[in-house]
Amino acid sequence: MTEQRVVSDSSQTYDFVVAGGGIGGLSCALALARKGFRVAVLERAREFAEFGAGIQLGPNAFTALDYLGVGESARDGAVFIDHLIFMDSLDGEQIGSIDIGEDFRHQFGNPYAVIHRGDLHRSILDGCREADNVDLFTQALVTGFEQTDTDIRVGVNGAGAFRARALIGADGLRSTIRAQLLGDGEPRVSGHVTYRAVLPLEQMPEELRWNDMTIWCGPGTHVVHYPLRGWELFNLVVTCHAHATVEAHNEPATPEEVLPWFTELCDKPMALVRTPSEYRRWVLCDRPPAEQWTDGRVALLGDAAHPMLQYFAQGACMALEDSVSLAEAAAQRRDDVAAALVIYELDRMQRTADLQLGSRMMGRFYHATGAERRVRKEIMGAMSQAEFRDHLAWLYGHDVCRVARQGAPEPS
Ligand SMILES: Cc1cc2nc3c(=O)[nH]c(=O)nc-3n(C[C@H](O)[C@H](O)[C@H](O)COP(=O)(O)OP(=O)(O)OC[C@H]3O[C@@H](n4cnc5c(N)ncnc54)[C@H](O)[C@@H]3O)c2cc1C
């Protein structure tokens, strides 16, 4: 591994250049490296880093993390919560609770856990740093690509270029690679706004110090909280239909901006929303599923390919699954990288489309009003634990390693 800052070109030809060093880009580089490919990761930021908040990982994410060889280090940083609890934020009553203990782990082969984003990202970054065949570059802004029959030239910092057999665009929601590949314009601004804060344990209201992922559902709003880092911290995410029209990403926000959206909340969640002295703001965006992610030697991965609302808590999990699928396809077709990318695309497109569209429906479920709110309680309240697990099997029971090894249909 080499790690360099400020780079304009490289004399080497790589098997893969990966644009973007987020969870998607690094996991894809590590998966490819473990199959023996030589990979360069080009990250525009000064450092490889994630912002300081929590993330939920379904059992399907741990399957992929184990494939990457970093499952144990991710588990070390994770908190293994007991339930996914759904509360009504108007009357304070429980809507439903999914036990994610022994039976859940047994059915899906792995736990459901929560982790600090920085710890997850570091686990994967450390894996890349330990690999001899991954070169990591920061301050390397990818500006575009030109491909020929024999290789691809990736423009960096408007000056130099990297050469590779293939380019993976893992450059997030506003992907430069997607813009050149698909030219399908700006992401859809949902209008929903999320405010995040991370609280030290002592600031967390005592009556809400639960070892669970708790979601308080209200009309047009929801509030999520769970512990992080061995209970040193609690993650708080509050979301509202604020009808925002312009994307925002990790911007400062005051409690005065946040609180007016949550006046209907009952006492417990309201006390929590009042607690942070500052928040960070995101305006949520997604896209409808795309018909195509690849073109010759270029493919998209993670949010660049299938940005989704966070309501299934699966965007990063999908990027991890993508990485497994891509590495398996590349190993199956070492002789023909373009064919490998099409196999990857065929394997992943339907699965991620289900999540993109399902996440929009999940938002409606969380934010239900009137009759929908009553029906939600009736349905969830009547479900047994076995029924919950059966309903979630399509999502958490997906074994990306097995599916990818079986091989997607060959491109016609
Ligand atoms: C509020 C919220 C909560 C969420 N909760 C969850 C959850 O609980 N579980 C879950 O699985 N997912 C969750 N997600 C989704 C998850 O955060 C994303 O799906 C995931 O981080 C996407 O990773 P990525 O690597 O594809 O993209 P990104 O994280 O956006 O990384 C892209 C990287 O590319 C770099 N880059 C961009 N352009 C260039 C360029 N031109 N050249 C070089 N580098 C470039 C960026 O600097 C960045 O480092 C949530 C999202 C939100 C908004």
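Before reading on, note that the structure itself is shown above.
Residues numbered from 1 in each chain as written. Predicted model: local features only at pLDDT ≥ 70, side-chain atom pairs only at ≥ 80, totals over all residues. Heavy atoms only, no water.

Visitor: Could you give me a rundown of the overall build of the protein, with the residues and numbers involved?
Guide: Broken down by element type, the protein carries 13 helices and 19 strands. On C-alpha atoms alone, the protein measures out to a radius of gyration of 21 Å, which is about the 22 Å that the 2.2 N^0.38 rule sets for 412 residues. Dimensions of the protein along its principal axes, counting C-alpha atoms only, are 65 × 45 × 35 Å. Going through the 412 residues of the protein one by one, you find that 59% of them count as buried. Once local pairs closer than 6 in sequence are excluded, the contacts in the protein between residues at least 24 apart make up 76%. Only carbon and sulfur atoms are counted for the fraction: they give 48% of the accessible area of the protein, which is about 16,500 Å². Of the side chains in the protein, 39 bear a positive and 57 a negative charge, and the two mean positions are spaced by 2 Å. (Helix = DSSP H or I, 4+ residues; strand = E, 2+ residues; numbered from the N terminus. Rg over C-alpha atoms; globule rule 2.2 N^0.38 Å. Buried < 20%, exposed > 50% of the residue type's maximum accessible area, 1.4 Å probe, protein only. Contact = heavy atoms within 4.5 Å. Areas by Shrake-Rupley, 256 points an atom, 1.4 Å probe, with all protein chains shown as cover. Lys, Arg positive; Asp, Glu negative; His and termini not counted. Charge placed at Lys NZ, Arg CZ, Asp CG, Glu CD.)

Visitor: Explain the packing of helix H9 (residues 315-332) against helix H10 (residues 337-366) residue by residue, including any values.
Guide: Two elements in contact, H9 and H10, have axes whose closest approach is 8 Å; the angle formed by their N-to-C orientations is 160 degrees. Here H9 is positioned roughly antiparallel relative to H10, judged by the angle of their axes. Judged by the twist between their axes, the crossing of H9 over H10 is right-handed. Facing Met318, Glu321, Asp322, Ser325, Leu326, Ala329, Ala330 and Gln332 of H9, the residues of H10 in contact are Ala340, Leu341, Ile343, Tyr344, Asp347, Arg348, Arg351, Thr352 and Leu355. Within the contact of H9 with H10, the residues separate by chemical class into nine nonpolar, three polar and five charged. (Axes fitted to C-alpha atoms, helices over the stretch in contact; angles between N-to-C directions. Parallel < 35°, antiparallel > 145°, perpendicular 65-115°, else oblique. Left-handed = near helix turned anticlockwise from the far one by under 90°. Nonpolar A, V, L, I, M, F, W, Y, C, P; charged D, E, K, R; others polar.)

Visitor: Go over a negative patch on the surface with me, naming the residues and quoting the values.
Guide: Together, Asp82, Asp99, Glu102 and Asp103 make up a negatively charged patch on the protein surface. Position of Asp99 among the secondary structure elements: in strand S6 (residues 94-99). (Patch = residues over 30% accessible without salt bridge, like charges linked within 9 Å, V, L, I, M, F, W, Y side chains within 5 Å. Salt bridge = Lys/Arg side-chain N within 4 Å of Asp/Glu carboxyl O.)

Visitor: Describe the pattern of salt bridges, with residues and values.
Guide: Scanning the entire structure with this criterion turns up 29 salt bridges. Note that Arg351 is salt-bridged to Glu321, the shortest N-O span being 2.9 Å. Here Arg351, found in helix H10, pairs with Glu321, found in helix H9; they are 30 residues apart in sequence, far enough to count as distant. For the salt bridge of Arg405 with Glu328, the shortest nitrogen-to-oxygen distance reads 3.7 Å. Within this pair, whereas Arg405 is found in helix H13 (residues 400-406), its partner Glu328 is found in helix H9, the two being separated by 77 residues in sequence. Exposure remark for Glu328: the relative accessible area of 7% places this residue in the buried category. Here the salt bridges do not stand alone but share partners, grouping Asp88, Asp91, Arg373 and Arg376 into one network.

Visitor: Explain the site of the ligand to me, and be specific about the residues and the numbers.
Guide: Inspection of the region around the ligand gives 31 residues, with Gly24, Glu43, Gln56, Arg117 and Asp303 positioned closest. Between the ligand and Val142, the relevant distance is 2.9 Å, taken from a nitrogen atom to a main-chain nitrogen or oxygen of the residue. Within the side chain of Asp303, a nitrogen or oxygen atom sits 2.8 Å from an oxygen atom of the ligand. The fraction of the free accessible surface of the ligand (1,000 Å²) that becomes covered by protein chains is 88%. Those elements that place two or more of their residues in the shell around the ligand are helix H1 (23-34), strand S4 (54-57), strand S12 (188-200) and H9. Residue composition of the shell around the ligand, by class: eleven nonpolar, 13 polar and seven charged. (Near = heavy atom within 4 Å. Polar contact = N/O pair within 3.5 Å; in protein donor to acceptor, adjacent residues only side chain to side chain.)

Visitor: Could you give me a rundown of the pairing of strand S13 (residues 212-218), with the residues and numbers involved?
Guide: Counting buried residues in S13 gives seven out of seven residues, a clear majority hidden from the surface. Side chains Asp212, Thr214, Trp216 and Gly218 project from S13 onto one buried face, and the interleaved Met213, Ile215 and Cys217 project onto a second face that is buried too. Relative to S13, strand S5 (residues 83-88) runs parallel, the two being bridged by six bridges. Looking at the pairing, Met87 lines up with Trp216 of S13. Inspection of the sheet shows S13 paired to strand S14 (residues 221-228) by five bridges, in the antiparallel sense. By the bridge assignment for S14, Cys217 is matched with His222. Taking the residues between adjacent antiparallel strands as the criterion, S13 and S14 are bridged by two residues, where Gly220 takes a positive phi near 70 degrees. (Pairing = 2+ DSSP bridges.)

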